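Observations on chain architecture
What follows is the residue order along each chain.
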Amino acid sequence: MSARPLIGISTYAEPGVRWGVWQLDAVLLPAGYPRLVRRAGGLAAMLPPDAPERAADVVARLDGLVVAGGPDVEPVHYGAAPDPRTGPPARERDAWELALIGAALDRGVPLLGICRGMQLLNVALGGTLVQHIDGHTEVPGAFGRHPVKPVPGTRYAAAVPEETSVPTYHHQSVDRLGEGLVPSAYAEDGTVEAVELPTGAWTMGVQWHPEMAEDLRVVRALIVSAAP
């Protein structure tokens, strides 16, 4: 790569965050995300929630997009009533990130969805979610690990051809796949752990958290695809 591609990463917007002597509303992101992008060869830019109509202008300035993990997607976006175990809605973030995903797909900007980001990618393409599964969140506030197995012939398998152990923390998962998406990795219990668009611009979602691991291969594939 002759230049490091600029990769936008979506962020949280949280009220009353404390640091030092301050307690203020803040936009924030776990440091693992920008660290991972930098280690894989990109430049990281944080994208705080904004008006959805501005998403196309933002994406037009990026070489690639990462939609980060976070709260549950509000079920209204895939035509379902909320399960009692589904978390409270994050409506501003849902609207912003769905607009970012739509703009990236429209412009052919390489896109990686991580955990919630994978679920939003599926929903943006008309898919649905399972609102609660057991066994993928072991201890509240702590990442677990489990193996994922690639599907031969997929873009994910080209990047990571062997079964690997990945850091995981989620209680929802893909149900009906969105239009055009194919599964590219599974957990041992059959949960879809990665999805992708097999043609066109590089587009992938992973259910685990690569920012909490040392394996750079998925994000490096994004970076290579996003290189100007």
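These numbers were taken from a predicted model, which means no experiment stands behind them.

**Side note on the overall build of the chain**
What the chain contains, in helices and strands, is six helices and 13 strands. Against the 2.2 N^0.38 benchmark of 17 Å for 228 residues, the chain shows a C-alpha radius of gyration of 16 Å, consistent with a compact globule. Taken over 228 residues, the chain has a buried fraction of 50%. Within the chain, counting contacts between residues at least 6 apart in sequence, those at least 24 apart form 69% of the total. In the form shown here, the chain has an accessible surface area of approximately 10,400 Å², with 55% of it arising from carbon and sulfur atoms. Each charge class in the chain was averaged separately, 18 positive and 26 negative side chains, and the resulting centres sit 7 Å apart.

**A few points about helix α3 (residues 91-107)**
The end-to-end C-alpha distance of α3 is 24 Å, a good match for the 24 Å that 17 residues give at a rise of 1.5 Å each. Of the residues making up α3, those classed as buried are Arg93, Asp94, Trp96, Glu97, Leu98, Ala99, Leu100, Ile101, Ala103 and Ala104. Immediately beyond the C-terminal end of α3, within one or two residues, lies Gly108, with a positive phi of roughly 70 degrees.

**Quick look at the nonpolar core**
Counting residues in hydrophobic clusters, the biggest one holds 29 residues, and the most contacted among them are Leu112, Tyr156, Val206 and Val218. Among the secondary structure elements, those contributing two or more residues to this core are β1 (6-10), α1 (32-39), β6 (111-114), β13 (203-206) and α6 (217-226). By residue number, the principal contributor to this core is α6, which donates six residues. Discounting chain neighbours no more than four positions away, the residues touching Val206 are Leu112, Gly113, Ile114, Cys115, Met118, Glu193, Ala194 and Val218. In terms of nonpolar packing, the next biggest core, distinct from the first, is built from 27 residues, Val59, Leu65, Ile101 and Ala104 among them.

**A word on the sheet that holds β6**
Strand order across the open sheet formed by nine strands is β4-β1-β5-β6-β13-β12-β11-β8-β9, with mixed pairing between neighbours. A strand with exactly one partner marks an edge of an open sheet, and here the two such strands are β4 (43-47) and β9 (164-168). In this sheet, neighbouring strand axes are inclined to one another by 25 degrees on average, regardless of whether the strands run parallel or antiparallel. Bridge count between strand β8 (residues 144-150) and β9: five bridges; the pairing is antiparallel. Within β9, the position partnered with Arg145 by the bridge is Pro167. Docked against the sheet, helix α4 (residues 116-124) engages β5 (64-67), β6, β12 (192-196) and β13, running at close to 115 degrees with respect to β6.

**A short note on the pattern of salt bridges**
Scanning the entire structure with this criterion turns up nine salt bridges. A salt bridge links Asp50 to Arg54, with the shortest nitrogen-to-oxygen separation between them at 2.7 Å. Note on Asp50: relative accessible area 29%, which makes it partly exposed. The class for Arg54 is partly exposed, based on a relative accessible area of 48%. It is possible to trace a salt-bridge network through shared partners that takes in Arg93, Asp94, Glu97 and Arg116.

**Points about the environment of Pro110**
Note on placement: Pro110 falls in the loop between α3 and β6. Since its relative accessible area comes to 7%, Pro110 is described here as buried. Once residues lying within four places of it in the same chain are set aside, the contact partners of Pro110 are Asp63, Gly64, Leu65, Trp202, Leu222, Ser225 and Ala226.

**Considerations on unusual backbone geometry**
In the Ramachandran plot, Cys115 falls in the positive-phi region, its phi being about 55 degrees despite a non-glycine side chain. Looking at the secondary structure, you find Cys115 in the loop between β6 and α4. Using a relative accessible area of 6% as the deciding quantity, one classes Cys115 as buried.

**Considering the side chain of Asn122**
Among the structural elements, Asn122 can be located in helix α4. Since its relative accessible area comes to 0%, Asn122 is described here as buried. Those residues in contact with Asn122 that sit more than four places away from it in its chain are Gly127, Thr128, Leu129, Val174, Arg176, Leu177, Gly178 and Leu181.

Cut-offs applied
Residues numbered from 1 in each chain as written. Predicted model: local features only at pLDDT ≥ 70, side-chain atom pairs only at ≥ 80, totals over all residues. Heavy atoms only, no water. Helix = DSSP H or I, 4+ residues; strand = E, 2+ residues; numbered from the N terminus. Rg over C-alpha atoms; globule rule 2.2 N^0.38 Å. Buried < 20%, exposed > 50% of the residue type's maximum accessible area, 1.4 Å probe, protein only. Contact = heavy atoms within 4.5 Å. Areas by Shrake-Rupley, 256 points an atom, 1.4 Å probe, with all protein chains shown as cover. Lys, Arg positive; Asp, Glu negative; His and termini not counted. Charge placed at Lys NZ, Arg CZ, Asp CG, Glu CD. Expected span 1.5 Å × (residues − 1). Core = buried A, V, L, I, M, F, W, Y, C linked by side-chain atoms within 4.5 Å. Pairing = 2+ DSSP bridges. Axes fitted to C-alpha atoms, helices over the stretch in contact; angles between N-to-C directions. Salt bridge = Lys/Arg side-chain N within 4 Å of Asp/Glu carboxyl O.

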